[in-house]
Amino acid sequence: MDLKEKALLAVEALKKEYPGAVCSLTYQDPLQLLIATRLAAQCTDARVNQVTPALFARFPDLESFCQGSEEEIAEYIRSCGLYKTKARDILAMCRMLQETYGGVVPDTVEELTQLPGIGRKTANLVVGDIYHKPAVVTDTHCIRISGRLGLTDSTNPLKVEKDLRAVLPPEESNDFCHRLVLHGRAVCDSRKPRCENCVMADFCRYALSGGEIDPKKGKPAKGK
């Protein structure tokens, strides 16, 4: 079985297990998704969803964010962690969107990653969920499970993204990444994956190895 065949098996298995593949962040427009994803860095989506209703009520659009201050934004997002840095990035991002992009959130990874605080993971999420273009969101679940499956031997987000783009059907890639998050939370835990409950166990490198693969990275464990 080559990697494209394995990737297709994984796509179909997860599609049956998690038919509703959606982003777990709550948002109403591209700007809100961009900001919510920035807040999610080193913070749970559940926590972000608790914070954003009040934040977006106070700052309902780009103009209101641009007229705000780092200090006020920071107060709304304090519980997300790294709140001062995130507040600075959000304000700078909004002002750049207004001044450089005419108030429109860009639709390419290349342009989005020019915004303050926005990396490829966030950019891919926006491109995929908002603009419905092929995207690969390499969060921790994606990197871990892709490695265990044997679709990549890297833990570098950019390398994993390239490896997955090479084997996934473009039209399936975005939903596949959402389903990896759901599967990582429900079954493929970082410390104790429950292979006996996994719909991909029959073709997963980690499951078939009987524990000979590092459960966190997907690579052969040291000394194995």
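Refer to the preceding data block for the structure.
First things first, this report covers the structure right here in the doc. In this text, all values refer to a predicted model and were calculated from it rather than measured experimentally.

## Regarding the overall build of the protein chain
Along its length, the protein chain carries twelve helices and zero strands. Listed by position from the N terminus, the elements making up the protein chain come as α-α-α-α-α-α-α-α-α-α-α-α. By the compact-globule yardstick of 17 Å for 224 residues, the protein chain fits well, its C-alpha radius of gyration being 19 Å. Considering only contacts in the protein chain between residues 6 or more positions apart, those separated by 24 or more positions represent 59%. Counting only carbon and sulfur atoms, one obtains 51% of the accessible surface of the protein chain, whose full area is about 11,000 Å². Side-chain charges of the protein chain comprise 31 positive and 30 negative groups, with the mean position of each set lying 7 Å from the other.

## Quick look at the environment of V105
Within the element layout of this structure, V105 appears in the loop between α6 (83–100) and α7 (109–112). Distance from V105 to L31, taken between C-alpha atoms, is 6.6 Å for residues 74 residues apart in sequence. If sequence neighbours within four positions are ignored, V105 has contacts with P30, L31, L34, L97, L112, V126 and Y131.

## Structural notes on the side chain of K86
Along the chain, the position of K86 falls in helix α6. Separated by 2.7 Å, the side chain of K86 and the backbone oxygen of A41 make a polar contact. Setting aside anything within four residues of it in sequence, one finds K86 in contact with R38, L39, A41, C43, I77, C80 and G81.

## Considerations on helix α11 (residues 170–186)
Under the 1.5 Å per step criterion, the end-to-end length of α11 is 25 Å for 17 residues, consistent within 8% with the ideal 24 Å. Where α11 bends most, at F176, the angle is about 25°. Of the positions making up α11, those classed as buried are E172, S173, N174, F176, C177, H178, R179, L180, V181, H183 and G184. Contact partners of the buried residues in α11: α1 (3–17), α8 (120–129) and α9 (140–149).

## Thoughts on the nonpolar core
The tendency in soluble globular proteins is for nonpolar side chains to be buried side by side. Among the nonpolar cores identified, the biggest contains 68 residues, and I35 and F65 are the most heavily contacted of them. The biggest single contributor to this core is α6, with seven residues. Beyond its immediate chain neighbours, meaning those up to four positions away, I35 contacts L55, F56, F65, I90, M93 and C94.

## As for the pattern of salt bridges
Pairing is possible between side chains that carry opposite charge, provided their charged atoms lie close to one another. Enumeration according to the criterion identifies twelve salt bridges in this entry. Note that E72 and R58 form a salt bridge whose closest N and O atoms lie 2.7 Å from each other. You can see E72 sitting in helix α5 (residues 70–77) and its partner R58 sitting in helix α3 (residues 45–58), a full 14 residues away along the chain. Take R58: its relative accessible area is 33%, and that puts it in the partly exposed class. R78 is the salt-bridge partner of E75, the closest N and O atoms lying 2.6 Å from each other. R78 gets classed as partly exposed once you look at its relative accessible area, which sits at 42%. A single salt-bridge network, built from bridges that share partners, covers E12, K15 and E172.

## Observations concerning the packing of helix α2 (residues 30–39) against α6
Direction vectors running N to C along α2 and α6 enclose 155°, while the axes themselves pass 10 Å from each other. As judged from the angle between their axes, α2 and α6 are roughly antiparallel. Crossing angle aside, the handedness with which α2 passes α6 is right-handed. Along its contact with α2, which presents L31, L34, I35, R38 and L39, the element α6 presents T85, K86, D89, I90, M93, C94 and L97. Residue composition of the contact of α2 with α6, by class: eight nonpolar, one polar and three charged.

## A short note on the state of the cysteines
For the structure on display, the rule yields zero disulfides. For the unlinked cysteine C195, the closest cysteine sulfur is that of C204, found at 6.1 Å. Taking relative accessible area as the criterion, C195 reaches 23% and is therefore assigned partly exposed. Just so you know, C198 is unpaired, no disulfide at all, and the nearest cysteine sulfur is the one on C204, 6.0 Å from it.

Rules of the game
Residues numbered from 1 in each chain as written. Predicted model: local features only at pLDDT ≥ 70, side-chain atom pairs only at ≥ 80, totals over all residues. Heavy atoms only, no water. Helix = DSSP H or I, 4+ residues; strand = E, 2+ residues; numbered from the N terminus. Rg over C-alpha atoms; globule rule 2.2 N^0.38 Å. Contact = heavy atoms within 4.5 Å. Areas by Shrake-Rupley, 256 points an atom, 1.4 Å probe, with all protein chains shown as cover. Lys, Arg positive; Asp, Glu negative; His and termini not counted. Charge placed at Lys NZ, Arg CZ, Asp CG, Glu CD. Polar contact = N/O pair within 3.5 Å; in protein donor to acceptor, adjacent residues only side chain to side chain. Expected span 1.5 Å × (residues − 1). Bend = angle between axes of the 7 residues up to and from the residue. Buried < 20%, exposed > 50% of the residue type's maximum accessible area, 1.4 Å probe, protein only. Core = buried A, V, L, I, M, F, W, Y, C linked by side-chain atoms within 4.5 Å. Salt bridge = Lys/Arg side-chain N within 4 Å of Asp/Glu carboxyl O. Axes fitted to C-alpha atoms, helices over the stretch in contact; angles between N-to-C directions. Parallel < 35°, antiparallel > 145°, perpendicular 65-115°, else oblique. Left-handed = near helix turned anticlockwise from the far one by under 90°. Nonpolar A, V, L, I, M, F, W, Y, C, P; charged D, E, K, R; others polar. Disulfide = S-S within 2.5 Å.

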